[in-house]
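Here is what each chain is made of, one letter per residue.
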Amino acid sequence: MQGKGVCCIFQPTDKATFTLGNIESFAESAKRNGWTGTSEIIKFCECIADKKISDLTGFKIGEPLYYLQRLHLMNDMPMILNHSYFRQDIAKGLTCDIAKSSVYNYLENILNINIISSKRIVTVEHATELDEKYLDLGDYNCLAVVSSQTFDSNGIMFEYTESRHHPKYFRFQDNAVRKK
């Protein structure tokens, strides 16, 4: 504030910081944190949204989708296990190689999709067998889960992702402002 001086509120951390207020790919997040980010594809397939998938994601029953399981590592530490669904008609031509580097880079720079907004829910859930297999949870039995429905500039939901974060490295940061 003018005339009040400056107060530095920065606090360094050894955890990667993810944001809730911005839409950022894993590659972008790793770069911003100064870490080396890599992704491994566990599963990549085409599927059709049935009632179970529709109830989970919000996609219509019968919608052709790509399903991805990706393990994201920062500085070779397994941090996030993603389960993602992408509409095939929007993410045309998506492949394992593309998913390994950056789906968002492909969507924005090759397919010219404008990614506009994402509705997110953050929960804490018990770890599954898959989480334990890939995330090296040690003594942890729960993890942070961020479920996202992401929309393009036409208001069409093209992605549903459930990001399952290792609790040791989990840190979300947001700057909140109180309005009167």
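Being a predicted model, the structure only gives us computed values, none of them experimental.

1. With respect to the nonpolar core
Proteins that are soluble and globular tend to have nonpolar side chains buried together.
Part 1 of the reasoning: By size, the foremost hydrophobic cluster in this structure holds 15 residues, and its most contacted members are F86, A91, L94, V103, L107 and F158.
Part 2 of the reasoning: The set of elements that each furnish at least two residues to this core consists of β3 (64-74), α3 (96-101) and α4 (103-110).
Part 3 of the reasoning: A total of four residues in this core trace back to one element, the largest contributor, which is α4.
Part 4 of the reasoning: Not counting the four nearest positions on each side in its chain, V103 is found in contact with R70, F86, L94 and I98.

2. A few points about the layout of surface pockets
One water molecule sets the probe size; rolling that probe over the atoms shows where empty space is left.
Part 1 of the reasoning: For the largest pocket, the calculated volume is near 600 Å³.
Part 2 of the reasoning: Forming the walls of the largest pocket are 37 residues, and the residues nearest its centre are E24, S25, F26, N82 and S163.
Part 3 of the reasoning: When the residues that make up the lining of the largest pocket are grouped by side-chain class, the tally is 14 nonpolar, 18 polar and five charged.

3. Here's the deal with the confidence of the model for the protein
Part 1 of the reasoning: Residues of the protein with pLDDT of at least 70 account for 89%, and the chain-wide mean is 88.
Part 2 of the reasoning: Ranking the elements of the protein by mean pLDDT puts strand β1 (residues 18-19) last, at 64, and helix α2 (residues 51-57) first, at 98.

Reading the values: the criteria
- Residues numbered from 1 in each chain as written.
- Predicted model: local features only at pLDDT ≥ 70, side-chain atom pairs only at ≥ 80, totals over all residues.
- Heavy atoms only, no water.
- Core = buried A, V, L, I, M, F, W, Y, C linked by side-chain atoms within 4.5 Å.
- Buried < 20%, exposed > 50% of the residue type's maximum accessible area, 1.4 Å probe, protein only.
- Helix = DSSP H or I, 4+ residues; strand = E, 2+ residues; numbered from the N terminus.
- Contact = heavy atoms within 4.5 Å.
- 1 Å grid on protein atoms, 1.4 Å probe; cavity = no way out; pocket = protein on both sides within 12 Å on 5 of 7 lines; lining within 4 Å.
- Points joined across faces, edges and corners; volume = space filled by probe spheres on them.
- Nonpolar A, V, L, I, M, F, W, Y, C, P; charged D, E, K, R; others polar.
- pLDDT = per-residue confidence, 0-100.

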